[in-house]
Amino acid sequence: MLILLQLQGKEYCMAAEQMNMKTPAENEKRTYSVQEIADILQISRSMAYNLCSQSLFKTVRVGKYVRVSKPSFDEWLDSK
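Scope of this entry: the structure provided in the associated data block.

Conventions we followed
Residues numbered from 1 in each chain as written. Predicted model: local features only at pLDDT ≥ 70, side-chain atom pairs only at ≥ 80, totals over all residues. Heavy atoms only, no water. Helix = DSSP H or I, 4+ residues; strand = E, 2+ residues; numbered from the N terminus. Buried < 20%, exposed > 50% of the residue type's maximum accessible area, 1.4 Å probe, protein only. Arc of directions from axis to C-beta. Contact = heavy atoms within 4.5 Å. Axes fitted to C-alpha atoms, helices over the stretch in contact; angles between N-to-C directions. Parallel < 35°, antiparallel > 145°, perpendicular 65-115°, else oblique. Left-handed = near helix turned anticlockwise from the far one by under 90°. Nonpolar A, V, L, I, M, F, W, Y, C, P; charged D, E, K, R; others polar.

## Some points on unusual backbone geometry
Right, on to step 1. A positive phi angle, close to 55°, is found at Gln42, a residue other than glycine.
Right, on to step 2. Among the secondary structure elements, Gln42 is positioned in the loop between helix 2 (34–41) and helix 3 (45–53).
Right, on to step 3. Phi is positive for Ser55, which is not a glycine, with a value near 55°.
Right, on to step 4. Mapped onto the secondary structure, Ser55 falls in the loop between helix 3 and strand 4 (59–62).
Right, on to step 5. Overall, the relative accessible area of 62% leaves Ser55 in the exposed class.

Shown next as structure tokens:
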């Protein structure tokens, strides 16, 4: 991603990486890990896996990992 800057009437073009900026995809966290769910709820990881298996919120399996949809989990948690 390229960034165009104007400083004192001069234009500069540089890569976002050079400016140590994150792209929008890096700024938005869309999923939680099961460990993060356990930490948020202050429960064991095995109990967090148990909650995930109850389909209370949206989950996705990526290889051997389970990821939890952040909006879905946050909505579920807010309803409690």
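## Remarks on helix 2
Right, on to step 1. Among the residues of helix 2, those classed as buried are Val34, Ile37 and Ala38. Here the buried residues of helix 2 occupy an arc of 100° about the axis, which is enough to place them on one side.
Right, on to step 2. Against the buried residues of helix 2 lie strand 3 (31–33), helix 3, strand 5 (65–69) and helix 4 (70–78).
Right, on to step 3. Immediately downstream of helix 2, the backbone of Gln42 shows phi near 55°, a positive value.

## Overview of the packing of helix 2 against helix 4
Right, on to step 1. Two elements in contact, helix 2 and helix 4, have axes whose closest approach is 13 Å; the angle formed by their N-to-C orientations is 20°. Of the possible angle classes, the one that applies to helix 2 and helix 4 is roughly parallel. Relative to helix 4, the crossing made by helix 2 is right-handed. In contact with Ile37, Ile40 and Leu41 of helix 2, helix 4 contributes Phe73, Trp76 and Leu77.
Right, on to step 2. Grouping the amino acids of the contact of helix 2 with helix 4 by side-chain chemistry returns six nonpolar, no polar and no charged.

## Some details on the environment of Ile43
Right, on to step 1. If you trace the backbone, Ile43 turns up in the loop between helix 2 and helix 3.
Right, on to step 2. Taking relative accessible area as the criterion, Ile43 reaches 24% and is therefore assigned partly exposed.
Right, on to step 3. Residue contacts for Ile43: discarding those within four places in its chain leaves Ala38, Ala48 and Leu51.

## With respect to the packing of helix 2 against helix 3
The relative placement of two packed helices is expressed as an angle between their axes plus a distance between the axes.
Right, on to step 1. It is the contact of helix 2 with helix 3, at a shortest axis distance of 8 Å, that shows an interaxial angle of 105°. When the axes of helix 2 and helix 3 are compared, the pair comes out roughly perpendicular. Contact with helix 2, carried on its side by Val34, Gln35, Ile37, Ala38 and Leu41, involves Arg45, Ala48, Tyr49, Leu51 and Cys52 of helix 3 and no other residues of that element.
Right, on to step 2. The residue inventory of the contact of helix 2 with helix 3, partitioned by class, reads eight nonpolar, one polar and one charged.

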